[in-house]
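Listed below, chain by chain, are the residues.
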Amino acid sequence: NWTIHGLYWGSYKINQPDVLEDSLKELLSWLARGLITLNISHTYRLSEANLAFAAIKERKAIGKVMIAFDDHSTVRSKI
């Protein structure tokens, strides 16, 4: 069982920008190599933001709920 917690980037951006840049590059390299994956269970258009919040509230989301700003690439829920 693994848990990953985030961090506040603002302080790093101001005080240690190199650490932030190196960390982001490493994280994106893990994603590119398939070492980590993102589970987006629902995708909604901005006009459907209320449905996105409802999916979270009603515990229908397994993973992330994404609001897409480009209507041409919007994918419907996998669930």
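Before any of the text, the structure's been laid out above.
Residues numbered from 1 in each chain as written. Predicted model: local features only at pLDDT ≥ 70, side-chain atom pairs only at ≥ 80, totals over all residues. Heavy atoms only, no water.

Draft legend 1. Representation of the overall build of the protein chain. Helix and strand counts for the protein chain stand at 3 helices and 2 strands. Counting from the amino terminus, the protein chain carries its helices and strands in the arrangement α-α-β-α-β. Considering the protein chain as a whole, with its 79 residues, one finds that 14% of them fall into the buried category. For the protein chain, the share of sequence-separated contacts (at least 6 apart) that also reach a separation of at least 24 residues comes to 35%. When the accessible surface of the protein chain is summed, it comes to about 7000 Å², and 59% of that surface belongs to carbon and sulfur atoms. (Helix = DSSP H or I, 4+ residues; strand = E, 2+ residues; numbered from the N terminus. Buried < 20%, exposed > 50% of the residue type's maximum accessible area, 1.4 Å probe, protein only. Contact = heavy atoms within 4.5 Å. Areas by Shrake-Rupley, 256 points an atom, 1.4 Å probe, with all protein chains shown as cover.)

Draft legend 2. The pattern of salt bridges, seen in detail. Within this structure, the stated rule accounts for 3 salt bridges. Measuring nitrogen to oxygen at the nearest pair gives 3.1 Å for the salt bridge that ties Glu58 to Lys60. Residue classification places Glu58 among the partly exposed residues on the basis of a relative accessible area of 47%. Given a relative accessible area of 48%, Lys60 falls into the partly exposed group. (Salt bridge = Lys/Arg side-chain N within 4 Å of Asp/Glu carboxyl O.)

Draft legend 3. Examining a nonpolar patch on the surface more closely. Taken together, the side chains of Leu7, Trp9, Tyr12, Val19, Leu24, Leu27, Leu28, Trp30, Leu31, Leu35 and Leu38 present a nonpolar region at the surface, about 1000 Å² in accessible area. Examining the composition of the nonpolar patch, we find that 6 residues originate from one element, helix α2 (residues 17-32), more than from any other. Tracing the sequence through the fold places Leu38 in the loop between α2 and β1 (40-45). On the accessibility criterion, Leu38 (61% relative accessible area) is exposed. (Patch = residues over 30% accessible without salt bridge, like charges linked within 9 Å, V, L, I, M, F, W, Y side chains within 5 Å.)

Draft legend 4. Region of interest: the side chain of His42. Mapped onto the fold, His42 is located in strand β1. Reaching out from His42, the side chain makes a polar contact with the side chain of Ser41 at a distance of 2.8 Å. (Polar contact = N/O pair within 3.5 Å; in protein donor to acceptor, adjacent residues only side chain to side chain.)

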